[in-house]
Amino acid sequence: MTRNKNTQPDSVVLPDTKGNTSPVATFGNDGGVLCLGAFRTGTYSMTTALNILGIDRVLHGRHMATWAKENPLVLQQWARAAWANLPYMRVLYPDPARPPGWLRPEFASDTASFTRQDWDALLGGFQGIADVACLYPESLVKAYPRAKVILCYRDPDKWAASMDDTLVQTVAGWPGMLVRRLAEPLTGTFGFTMRWDVLRAWFEVGTVQEMRAGQVYRNKFEAHYAAVRAMVPPEQLLEYHLGDGWGPLCEFLGVPEPAVSFPRVNDGPTLRRTLKRGMAVTLLKALWILLKFPVLLVGLWLLIRNLKTIL
């Protein structure tokens, strides 16, 4: 379907960056670094490493909530990206009249794959993207054929265990189910519902049981890496294994090695704590909504009683 003018997003407004000279141009200037490694392969450590090397504007999934506060359109633009570029979304939500709560209804019929113009509106001012980039490798490589591609890699079985123990267990477990099915509809915020839908669409499954069945994790991992290797010219691709240090990365980018240790951040326990804090905030907001009406009634009753006393 052709995307109409009304569904074109406004460009993302970015905060000012450091005044240093960066070794990588922005995507909008035909540069950029696409970190297409799967979730839980050290993508936040790679993001931090790129920052240390002077590549400041690197988008990671962990940044979205912060930037969304400055520009509320950000999350809705990424919702459009997930809806348009993950075909299995239409299997999960087959009725166009009943799109997911995280998608604005006017975008439900907008299912054309993203073009360079669409991606520029989201990424044009960035120099890199990691984490969420693994969802859209074909579309991003097509939009930015000159970008350098980093493919963070880890042992597939360890990756499967990490995915299940962090993202899947937290978002699909009973606390996550409580947040998605009860708290988020009350608060009108659907961040965890969207996370779960994106994971289901990426793995092309409907339930957590299907996701954990057989070799689903491993098959997805291997298919993803094979697809990226097939679509990126070897001279533009760095396969980075956890623990490789600065050498391969700096040689690939043509920059000197810094005199600091390679970062290791956002391990499993840290991610679980981050997700659980987000869930707690959503639950508290929902609880306040449920309680504020009785509180208001009690307050009104007290006000009326005091007025009678005064009069």
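Before reading further, recall that the structure is shown in the block above.
Being a predicted model, the structure only gives us computed values, none of them experimental. (Residues numbered from 1 in each chain as written. Predicted model: local features only at pLDDT ≥ 70, side-chain atom pairs only at ≥ 80, totals over all residues. Heavy atoms only, no water.)

K.L.:
Help me out: how do you make sense of helix α9 (residues 191–203) in this one?
P.N.:
Because each turn of an α-helix spans 3.6 residues, side chains separated by three or four positions end up pointing in the same direction. Taking 1.5 Å of rise per residue, the 13 residues of α9 would be expected to cover 18 Å, and the 19 Å separating its terminal C-alpha atoms lies within 8% of that figure. Of all 13 residues that make up α9, eleven are buried, and the element is covered over most of its length. Within α9, the full set of buried residues consists of Phe192, Thr193, Met194, Trp196, Asp197, Val198, Leu199, Arg200, Ala201, Trp202 and Phe203. Where α9 ends, the next residue or the one after it, Glu204, has phi of about 60°, a positive value. (Helix = DSSP H or I, 4+ residues; strand = E, 2+ residues; numbered from the N terminus. Expected span 1.5 Å × (residues − 1). Buried < 20%, exposed > 50% of the residue type's maximum accessible area, 1.4 Å probe, protein only.)

K.L.:
I would appreciate a short explanation of the packing of aromatic side chains in the present structure.
P.N.:
Under the definition given, this model contains 17 aromatic pairs. Aromatic pair Trp78 and Trp119: ring centres 5.9 Å apart, planes at 50°, arrangement tilted. Of this pair, Trp78 sits in helix α3 (residues 73–85) while Trp119 sits in helix α5 (residues 116–123), and the two are 41 residues apart along the sequence. With respect to class, Trp78 is no different from Trp119; both count as buried. When the ring centre of Trp83 is taken as reference, the NZ or CZ atom of Arg90 above it lies at 5.6 Å. Note that Arg195 overlies the ring of Phe192, its terminal NZ or CZ placed 4.7 Å from the centroid. (Phe/Tyr/Trp six-rings, centres within 6.5 Å; stacked < 30°, edge-to-face > 60°. Lys NZ or Arg CZ within 6 Å of the ring centre and 35° of its normal.)

K.L.:
Quick question: what am I supposed to make of the sheet that holds strand β4 (residues 148–153) here?
P.N.:
Sheets are built from strands that pair by backbone hydrogen bonding, the pairs being arranged parallel or antiparallel. Read across the sheet, five strands follow the order β2-β3-β1-β4-β5 without closing on themselves; strand pairing throughout is parallel. Two strands in the sheet have a free side with no partner beyond their single neighbour: β2 (58–59) and β5 (237–241). (Pairing = 2+ DSSP bridges.)

K.L.:
What's the story with the packing of α3 against α5 in this structure? I'm lost.
P.N.:
Interhelical geometry of α3 versus α5 gives an angle of 150° and a closest axis separation of 10 Å. The way α3 lies across α5 gives a crossing that is left-handed. Taken together, the residues of α5 that come into contact with α3 (itself represented by Gln77, Trp78, Arg80, Ala81 and Asn85) are Asp118, Trp119, Ala121, Leu122 and Leu123. Its residues assigned to classes, the contact of α3 with α5 shows six nonpolar, two polar and two charged. (Axes fitted to C-alpha atoms, helices over the stretch in contact; angles between N-to-C directions. Left-handed = near helix turned anticlockwise from the far one by under 90°. Contact = heavy atoms within 4.5 Å. Nonpolar A, V, L, I, M, F, W, Y, C, P; charged D, E, K, R; others polar.)

K.L.:
I tried to follow a nonpolar patch on the surface on my own but got confused; where do I start?
P.N.:
Judged by side-chain polarity, Leu186, Leu284, Leu287, Trp288, Leu290 and Leu291 come together as a nonpolar surface patch covering roughly 620 Å² of accessible area. In terms of residue count, helix α13 (residues 268–310) provides more of the nonpolar patch than any other element does, five residues in total. Topologically, Leu290 is positioned in helix α13. (Patch = residues over 30% accessible without salt bridge, like charges linked within 9 Å, V, L, I, M, F, W, Y side chains within 5 Å. Areas by Shrake-Rupley, 256 points an atom, 1.4 Å probe, with all protein chains shown as cover. Salt bridge = Lys/Arg side-chain N within 4 Å of Asp/Glu carboxyl O.)

K.L.:
So what exactly am I meant to see when it comes to the pattern of salt bridges here?
P.N.:
Between side chains of opposite charge, a pair can form as their charged atoms come close. In total, this model carries eleven salt bridges according to the counting rule given. The shortest N-O distance in the salt bridge between Asp164 and Arg212 comes to 2.6 Å. Taken together, the residues Asp164 in helix α7 (residues 156–172) and Arg212 in helix α10 (residues 208–212) connect sequence positions 48 residues apart. Residue class for Arg212 comes out partly exposed when judged on its relative accessible area of 38%. In the salt-bridge network here, residues are joined through shared partners; they are Asp30, Arg116 and Asp120.

K.L.:
Mind showing me how you'd approach helix α1 (residues 43–52) here?
P.N.:
The element α1 is largely enclosed, with a buried count of seven among its ten residues. Residues of α1 that are buried: Thr43, Tyr44, Ser45, Met46, Thr47, Ala49 and Leu50. Packed against the buried residues of α1 are β1 (33–35), β2, β4, β5 and α12 (246–253). Backbone geometry just after α1 places Gly54 at a positive phi near 95°.

It is worth stressing that arrangement in space is one thing and function is another; only the former is reported here.
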